[in-house]
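Below are the chains, spelled out letter by letter.
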Amino acid sequence: MALQPLLHRLGQLYQRRRVRREPIPLDHLLAILRRERILLLFGCLVLLALLGGLGFALFETPPQQSRLQGFRQGLWWAVVTITTVGYGDVVPQTPGGRVLGVLLMFVGLISLSLLTATVASVFVERKLRKERGLEAVSDRHHIVLLGWNRGGEQMLRYLSQRLGLTTPLVLVNNLAPEIVDSLISSFPNLQLRFVRGDFQREEILERANLRQARQVVILADRTDPNLSRDLVDQRTLLAALMARSLNPRIKITAELIQAENRPHLQRAQVDDIVIRGEYDSALLACSTESTGLFRILQTLLSPEGHNIWSVPIPPAFQGRPVRELADHFRQQQALLIGLYAEGYKLRLEELLSPEPSAIDQFIARKFTEAGKMHLFGRHKVEIRITPPDDYLVSPQEVAVVIANRPVTT
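All of the points below concern the structure found in this document. Just so you know, these numbers come straight off a predicted model, no measurement behind them.

Parameters and conventions
Residues numbered from 1 in each chain as written. Predicted model: local features only at pLDDT ≥ 70, side-chain atom pairs only at ≥ 80, totals over all residues. Heavy atoms only, no water. Axes fitted to C-alpha atoms, helices over the stretch in contact; angles between N-to-C directions. Helix = DSSP H or I, 4+ residues; strand = E, 2+ residues; numbered from the N terminus. Contact = heavy atoms within 4.5 Å. Nonpolar A, V, L, I, M, F, W, Y, C, P; charged D, E, K, R; others polar. Buried < 20%, exposed > 50% of the residue type's maximum accessible area, 1.4 Å probe, protein only. Expected span 1.5 Å × (residues − 1). Phe/Tyr/Trp six-rings, centres within 6.5 Å; stacked < 30°, edge-to-face > 60°. Lys NZ or Arg CZ within 6 Å of the ring centre and 35° of its normal.

### A short note on the packing of helix α11 (residues 280-289) against helix α12 (residues 291-300)
Running from N to C, α11 and α12 point in directions that differ by 145°, and their axes come no closer than 5 Å. Contacts between α11 and α12 pair Leu283, Cys286, Ser287 and Glu289 from the former with Thr291, Leu293, Phe294 and Leu297 from the latter. For the contact of α11 with α12, the per-class residue count stands at five nonpolar, two polar and one charged.

Okay, structure coming up:
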C-alpha cells in the first residue's frame, strides 16, 4: 500500500511530461506569421491607415469641427480607400486631401495585394506540403501504418470496412505522389494522411505524431526491391524499437517475412506479430477437405460480405448466461462465436519521471532484478471459442461475432 502514493506521483510526472511535448497550435501559427512577414505587412497597412487619417484631419477638417472628429472620419475614409470599397460617404474636397487620396489608393492597393498574396501562398504551400507528405500530422488517437508492400492496398480495403471516418490513418512510406493520390481517391471513407520519409528515422515518426497515436502497424516494407528478406525484417525491428521508445503505451503490430525473427520482435515488446504467408497452408488444407469450407473461410477473411467483428458486451448482459447474449446477437442477424478478455499492460517507463532520480533508479533496479518490465505482467489475452450456454459473461470480456455489417450495442 505504501507504494501506491509513489506510483501516483510518478504517473502525474509522466503525464506532465507528455503535456509539455504536445505542440501548441498558437505558437505554430505565430511562427508562420513571422516567417512570412504577414504581421509586418499587416502593420504597414495599419500604419498607412493611421497616416491617411491624420492627413485627412489636417486637410479636410472644417473650422467648426475638432481635429479628433476629423481624425475619426479620416480613419474611416482611409480604411475604405485602402480596401478599394469606396462607399463615397466621405470624400476629400481640398487639393491636398485629393493628392493624399491618390497616394493612399496606389500605396494601399500595393500593400493589400502583397498581404493577400502572402496569405494565399501560405495556404497553397501548406496544401502542397501536405500532399507531398511533408506536413506534420496533428491528429490524436490515430493509427500509423509504417512501410508498404503489395498487400498494403488490400489492407486499406479491410480497414475501410472497419474504421471508416472514425479513426484517422497515417501512411508513412516513400511512395510516389501519384500513387498516394490514387490511394486517397480510392478510399474516400478513410481519413488518410500521408507522411513521406524513412519510417526508421525519429523525426519522421515525430512528424506522424506517433507520440499521440493509439496504434502502429509495421508492414514488411518491400518498396526497395534490392533489400533482402533479412534486411526487410531488420527494418521492421528497428521501427518497432523506435516506436516503443517514442510512445511506451502504443500498441504495435508488425509483419515479418521470416518466422525465425519472431523472438527479436517479442523482445522489442511488439504486441501482435504476423508472419507473411503463415495461414496460407491452413486455407490450402481446408480446400482439400471441401471446396465449400474453403469458400466460407475465404468469405470470412475478405473485406466484403460477412466478416468477423468484435463487439462490446451490453451492460444488461454482463454477468448473465452467454446463451442470452447469443440470442441478442441472433436477433441482429449476428452469430456469436467467442469471447475474449485483454489484460491491461502498464510499462515501467510510463511511471518513471524523465529526469533520473534516486527513487527512479531504485524502482527500476528492483523491477529489473525481478525480471519484469510491466507492473501487471505482459499483455495477456484470454479467449473462449463457443463457450457453453451456462457460462456467465464477465464485464471485462468482448464478444466476437460473424455478421455482414458492424454490430451496434
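### Notes on unusual backbone geometry
Of note in the backbone geometry, threonine 84 takes a positive phi value of approximately 60° without being a glycine. By the secondary structure assignment, threonine 84 is in the loop between α4 (67-82) and α5 (95-131). In this structure threonine 84 comes out as exposed when scored by relative accessible area, which is 55%. Phi at threonine 386 takes a positive value of approximately 45°, unusual for a residue other than glycine. One can find threonine 386 in the loop between β9 (381-385) and β10 (397-403). The class of threonine 386 is exposed, set by a relative accessible area of 58%.

### A word on α4
Count 3.6 residues to each turn of an α-helix, and residues three or four apart come out pointing the same way. Taking 1.5 Å of rise per residue, 16 residues should cover 22 Å, and α4 covers 22 Å from first to last C-alpha, within 8% of that figure. Residues Gly70, Gly74, Trp77, Ala78, Val80, Thr81 and Ile82 constitute the buried set of α4. Directly beyond the C-terminal end of α4, a positive phi value near 60° is found at threonine 84.

### Examining the packing of aromatic side chains
Note on aromatic pairs: each is described by the distance of the centres and the angle between the planes. Across all of its chains, the model carries two aromatic pairs by this definition. Here the aromatic rings of phenylalanine 56 and tryptophan 77 are separated by 5.2 Å at their centres, their planes lie at 35°, and the arrangement is tilted. Highlighted residues: phenylalanine 56 in helix α3 (residues 38-60) and tryptophan 77 in helix α4, separated in sequence by 21 residues. Comparing phenylalanine 56 with tryptophan 77, the two get one shared label, buried. Measuring from centroid to centroid gives 5.8 Å for tryptophan 76 and tyrosine 87, while their planes differ by 5°, and the two rings are stacked. Here tyrosine 87 lies in the loop between α4 and α5 and tryptophan 76 lies in helix α4, a separation of eleven residues in the sequence. A residue is classified by how much of its surface remains accessible, and tryptophan 76, at 39% relative accessible area, is partly exposed. The residue whose ring lies beneath arginine 162 is tryptophan 309, and the NZ or CZ to ring-centre distance is 4.7 Å.

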